[in-house]
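Given next are the chains, with one letter for each unit.
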Amino acid sequence: MDRAKPFDIPKREVWEAYKRVRANQGAAGIDGQSIADFEADLSNNLYKLWNRLSSGSYFPPPVRRVDIPKDDGRTRPLGIPTVADRIAQMVVKRFLEPLVEPHFHDDSYGYRPGKSALDALGVARQRCWRYDWVLDLDIKSFFDSIERDLLTRAVCKHTDCPWVLLYIERWLEAPVQMADGSRIVRERGTPQGGVISPILANLFLHYAFDTWMRRNHPDIPFERYADDVICHCRKQEQAKALHASLERRFADCRLALHPEKTKIVYCKDEDRRGDYPNCKFDFLGYTFRPRDDSGEGSVSRSVPQPATRL
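In this text, all values refer to a predicted model and were calculated from it rather than measured experimentally.

Considering the nonpolar core
Core analysis: the biggest nonpolar cluster contains 67 residues, and Ile87, Phe209, Cys231 and Leu246 have the highest contact counts within it. The element best represented in this core is helix 9 (residues 197–216), accounting for ten residues. Sequence-distant contacts of Leu246, defined by excluding residues within four places in its chain, comprise Leu135, Leu137, Phe209, Trp212, Met213 and Leu257. In this structure, Cys128, Tyr225, Cys267 and Phe283 belong to the second largest nonpolar core, which totals 15 residues.

The following block contains the structure:
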């Protein structure tokens, strides 16, 4: 019979977390262990993980850094946890998600149950018909810039569970292992690619952006998919004022808007005259273009993917 543990984490939760991780698959972490390798001694591996989580002795290993190519020639850094660490993160996610989901904004679409990128695209397309201007936001290095203290305050608004707070803190402090084997100690951010990272990112932006917009600009609708954000304005002046206001807001939250990628876009139609430098924008892999002769906006896949009408 197991001795009493400091943290009451049911074994069933670790089992359910494992099943979710197994369904999602994913690459191996720094230990090179695949899901198949983990399953070779499944019962023992799950027991050891549960034992460490329940006793407070679980410390996450470093995440493996992988650079994913982007369309613009640059790369996006991902942090790949080990299989065991993904299961541990899933245990915490399964605890935290039901507590925060009811509070999230209807127009937050990223990494949420029952919502998708296509939902966000459909709403954005409809609003581009009704609003002449778009503020296309790009948060500079968002996942790498999240302030830990502010994130912890956000988590504490929804739970005071000691083991949840303990392990989130340890994941935020876990170093990154580079391809050459060197390790980088992180002082900010949460690695993009972890199981727990999306819900933490959503929670951070729920307070940094969503609730702030609802309180200060209730007349400006938006769609947010993680850190990809589109705001709809009726006038150019309104978009400019929102841009300036958001620069101050994000600075207060220790974030910054990318000065070149954040832009004000005119959703051009046949009834308006004048030349505007930005008349199209990309959102979630699709390009929103000027309205055609029928008055409907054209939405197509961003290059290099073939154009496809929604």
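Points about the sheet that holds strand 7 (residues 228–233)
Taking strand neighbours across the sheet as the criterion, the four strands line up as 6-7-3-8 in an open arrangement whose pairing is antiparallel. Only two strands of the sheet have a single partner each, and these edge strands are strand 6 (222–225) and strand 8 (263–266). Neighbouring strand axes in the sheet, compared pairwise and without regard to direction, differ in orientation by 15° on average. Pairing of strand 3 (residues 133–138) with strand 8 involves four bridges; the strand directions are antiparallel. Across the sheet, residue Asp136 finds its bridge partner in strand 8, namely Lys263. Here helix 5 (residues 117–130) sits on the sheet in contact with strand 3, strand 6 and strand 7, set at roughly 160° to strand 6.

Topic: the packing of aromatic side chains
Aromatic ring pairs are described here by two measures, namely the spacing of the ring centres and the angle between the planes. Within the structure shown, the criterion is met by 13 aromatic pairs. Where Phe209 meets Phe250, the ring centres are 6.3 Å apart and the plane angle is 10°; that geometry is what we call stacked. Highlighted residues: Phe209 in helix 9 and Phe250 in helix 10 (residues 236–252), separated in sequence by 41 residues. In this structure, Phe209 and Phe250 share a single accessibility class: buried. Three or more aromatic residues joined by ring pairs form one cluster here, namely Phe7, Tyr58, Tyr167 and Trp171. Taking the ring centre of Trp50 as reference, the NZ or CZ of Lys11 above it sits at 4.8 Å. Taking NZ or CZ as reference, Arg170 lies 3.7 Å from the ring centre of Phe59, over its face.

Quick look at helix 8 (residues 162–173)
Taking 1.5 Å of rise per residue, the twelve residues of helix 8 would be expected to cover 16 Å, and the 17 Å separating its terminal C-alpha atoms lies within 8% of that figure. Restricting attention to buried positions, one finds in helix 8 the residues Trp163, Val164, Tyr167, Ile168, Arg170, Trp171 and Leu172. Taken together, the buried residues of helix 8 touch helix 3 (42–55), helix 4 (83–100), helix 7 (148–156) and helix 9.

Considering the layout of surface pockets
Remark: the empty space left among the atoms is shown by a probe the size of a water molecule rolled over them. In this model, the second largest pocket occupies a volume close to 230 Å³. In terms of lining residues, the second largest pocket is bounded by Leu150, Arg153, Ala154, Lys157, Phe204, Tyr207, Ala208, Arg249, Asp252 and Cys253. Across the lining of the second largest pocket, the residue classes tally to six nonpolar, no polar and four charged.

Quick notes on the rules
- Residues numbered from 1 in each chain as written.
- Predicted model: local features only at pLDDT ≥ 70, side-chain atom pairs only at ≥ 80, totals over all residues.
- Heavy atoms only, no water.
- Core = buried A, V, L, I, M, F, W, Y, C linked by side-chain atoms within 4.5 Å.
- Buried < 20%, exposed > 50% of the residue type's maximum accessible area, 1.4 Å probe, protein only.
- Helix = DSSP H or I, 4+ residues; strand = E, 2+ residues; numbered from the N terminus.
- Contact = heavy atoms within 4.5 Å.
- Pairing = 2+ DSSP bridges.
- Axes fitted to C-alpha atoms, helices over the stretch in contact; angles between N-to-C directions.
- Phe/Tyr/Trp six-rings, centres within 6.5 Å; stacked < 30°, edge-to-face > 60°.
- Lys NZ or Arg CZ within 6 Å of the ring centre and 35° of its normal.
- Expected span 1.5 Å × (residues − 1).
- 1 Å grid on protein atoms, 1.4 Å probe; cavity = no way out; pocket = protein on both sides within 12 Å on 5 of 7 lines; lining within 4 Å.
- Points joined across faces, edges and corners; volume = space filled by probe spheres on them.
- Nonpolar A, V, L, I, M, F, W, Y, C, P; charged D, E, K, R; others polar.

This is a description of form; function is not addressed.
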